[in-house]
Amino acid sequence: MKRKDISIKGYTSIRNDIISLLDQARHISARTVNVVMTAVYWNIGRRIIEFEQYGASRAKYGGALLSKLSEDLNGRFSRGFSVDNLETMRLFYLAYPVNQKSETVSRKSKKSKIMSSNLDFSALATRFPLPWSHYVLLLRRVKQAIARDFYEAEAIRGGWTVRQLDRQIETQFFERTALSVNKKSMLIKGNKRQSNDHVSIEEEIKDPFVLEFLGLKDEYSESELEEALIHHLENFLLELGADFAFIGRQRRLRVGNEWYRVDLLFFHRKLRCLVIIDLKIGRFTHADAGQMHLYINYAKEHWMREGENPPVGLILCASRDTAVAHYALEGLSSRDMAAEYMTTLPKEKTIAEKLNKARDLIEKNRSKPRRSRLDRD
């Protein structure tokens, strides 16, 4: 039946008011969830650190602790507590401990009061005014504390979306501002939002971190997408022939007080060397190369056996736009050896194409409409 249009004087005004009200309410709802989520994750990180620091006997079980927690928490809450995510929570507390005196905009005027046993959401909302996705970017992509404080302060001051923060980190806004003669002009220019920086209210609500925290299964979380891509890559390399021998997944290593994990570890029989594979969901950065070199140096010292050649690293970055594969050949003794590695190993272009196809397939499958129970019956 065709709807009959009725002309009501002033209708446009009330309709727009209600739409604005609902949009505002949805934005506040997403922000409220983020406040709670950030508070909980900070406290989880705190409890992990305090547990580790309760005597040397516990500290030496750091890696085992995260693995055990991941298994038990995912068993109870289904998802959201991978070892990598728990490590991010741990790093979150280390970067923002109880007694930290931050210089960010939000912390100058109020003194945070953090309860030792309960969640003081009002205090933590003041202390951590950005969404959890912003802090994940800051922790994973910005290593220097001074740069992290700068990006956090500017994100608060300018109301940056997570895409805007990602772009500013990618283009080294901190370094460019530090070198600039006219810093005020740089800061004003940096706060101008570009078209690609916009995040809709729907995207805020459907943020994978929010869905994961609430236990809502609407789409892949970042960790699930990463897990699916690793599975595809593992099968792809094993299908290449007998040269690749699988050793392990999520292999953990500790350098100083920092824990890391290698996504895939293979042994190449012809080259007689370990192949370390690290997957990133996002664009390739110089920090990725630096981290891989750390893995290679660690593997040479702790994992390489007598008679083996130096390990090789393979960095894989799967962004929404394209995929990048990059070999790290640090530590090879000669150009001839490097040439042999490059001619024997799969081509970077081939691996990047496979990674792209795998992501497209995963995205396509997740976008398919789900059949309801009534449809199946």
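Owing to the predicted nature of the structure, the values given are computational and were not obtained by experimental measurement.

Student: Any chance you could explain the environment of M304 here in plain terms?
Tutor: Note on placement: M304 falls in the loop between α14 (286–302) and β4 (312–318). For the pair M304 and L274, spaced 30 residues apart in sequence, the C-alpha separation works out to 7.4 Å. The residues touching M304, leaving out its near neighbours within four places in the chain, are L274, A299, N309, P310 and P311.

Student: Sorry, what's going on with unusual backbone geometry here?
Tutor: Excluding glycine, residues mostly have negative phi values, and the peptide bonds linking residues are mostly trans. Despite not being glycine, Q172 has its phi angle at roughly 55 degrees, a positive value. Within the secondary structure, Q172 is located in the loop between α8 (162–170) and α9 (173–179). Look at Q172 and you get partly exposed, because its relative accessible area is 43%.

Student: How do you make sense of the pairing of β4 when you look at a structure like this?
Tutor: The two faces of a sheet get side chains in turn, since along a regular strand they alternate between them. In terms of residue burial, β4 counts as a mostly covered element, since 7 of its 7 residues are buried. Every second residue of β4 is oriented toward a common face, with V312, L314, L316 and A318 on one face and G313, I315 and C317 on the other, all of them buried. At this point the chain moves from strand β3 (residues 273–280), through α14, to the parallel β4, and the crossover so formed is right-handed. Alignment of β4 against strand β5 (residues 323–328), held across 6 bridges, turns out to be antiparallel. By the bridge assignment, G313 is partnered in β5 with A328.

Student: What is the right way to read the side chain of Q164 from this model?
Tutor: With respect to the element layout, Q164 can be found in helix α8. Those residues within four positions of Q164 in sequence are excluded, and the remaining contacts are G159, G190, N191, K192, R193 and D197.

Student: Quick question: what am I supposed to make of the confidence of the model for the protein here?
Tutor: When pLDDT is low, close inspection of the predicted coordinates is not appropriate. When pLDDT is averaged along the protein, the result is 77; 79% of the residues meet or exceed 70. The least confident element of the protein is helix α17 (residues 373–376), whose mean pLDDT is 38; the most confident is helix α7 (residues 145–158), at 91. Note on residues 101–117: pLDDT is under 50 here. Beyond four places in sequence and across chains, it has 32 contacts. Below pLDDT 50 for its whole length, residues 369–377 participates in 3 contacts with residues either more than four positions away or in separate chains.

Student: What is the right way to read the nonpolar core from this model?
Tutor: Considering soluble globular proteins, one finds that nonpolar side chains tend to be buried as a cluster. Membership of the largest hydrophobic core comes to 39 residues, with the highest contact counts inside it found for W132 and Y151. Breaking this core down by element, the ones donating at least two residues are α1 (11–52), α3 (62–77), α4 (83–95), α6 (132–141), α7, α8, α9 and α12 (208–214). Element by element, the count of residues in this core is highest for α1, at 8 residues. Counting 30 residues, the second-largest nonpolar core is a separate cluster that includes V275, L314, Y327 and I362.

Student: How should I be thinking about a nonpolar patch on the surface in this particular structure?
Tutor: Together, I8, Y11, I14, I18 and L22 line one region of the surface with nonpolar side chains, adding up to about 500 Å² of accessible area. Counting through the fold element by element, Y11 comes out in helix α1.

Calculation notes
- For every chain, the first residue of the written sequence is number 1, and numbering continues from 1 onward in sequence order.
- pLDDT decides what is reported in this predicted model: residues at 70 or higher carry local features, side-chain atom pairs at 80 or more are listed and counted, and totals for whole chains, interfaces and linings draw on all residues regardless.
- The basis for every side-chain value is the complete set of non-hydrogen atoms in the structure, without hydrogens or water.
- Strands here are runs of E lasting at least two residues and helices are runs of H or I lasting at least four, both read from the DSSP assignment and numbered beginning at the N terminus.
- Residues count as neighbours in contact if any of their non-hydrogen atoms are within 4.5 Å of one another.
- Each residue is assigned to one of three classes by its accessible area relative to the maximum for its type, calculated with a 1.4 Å probe on protein chains only: buried under 20%, partly exposed between the two thresholds, exposed over 50%.
- By definition, the crossover connecting two strands over a helix is right-handed if that path, from the first strand to the second, turns clockwise as seen with the strands pointing away from the viewer.
- The pairing criterion is simple: DSSP has to find at least two bridges between the two strands.
- pLDDT is a residue-level measure of predictor confidence that goes from 0 to 100.
- In this text, buried Ala, Val, Leu, Ile, Met, Phe, Trp, Tyr and Cys residues form a nonpolar core when linked through side-chain atoms within 4.5 Å.
- For patch building, the residue pool is restricted to those with more than 30% relative accessible area and no salt bridge; the joining distance is 9 Å between like charges and 5 Å between nonpolar side chains (Val, Leu, Ile, Met, Phe, Trp, Tyr).
- Here, Shrake-Rupley sampling with a 1.4 Å probe gives the accessible areas, and only protein chains in the shown set may cover a residue.
- Should a side-chain nitrogen of Lys or Arg be within 4 Å of a carboxyl oxygen of Asp or Glu, the pair is scored as a salt bridge.

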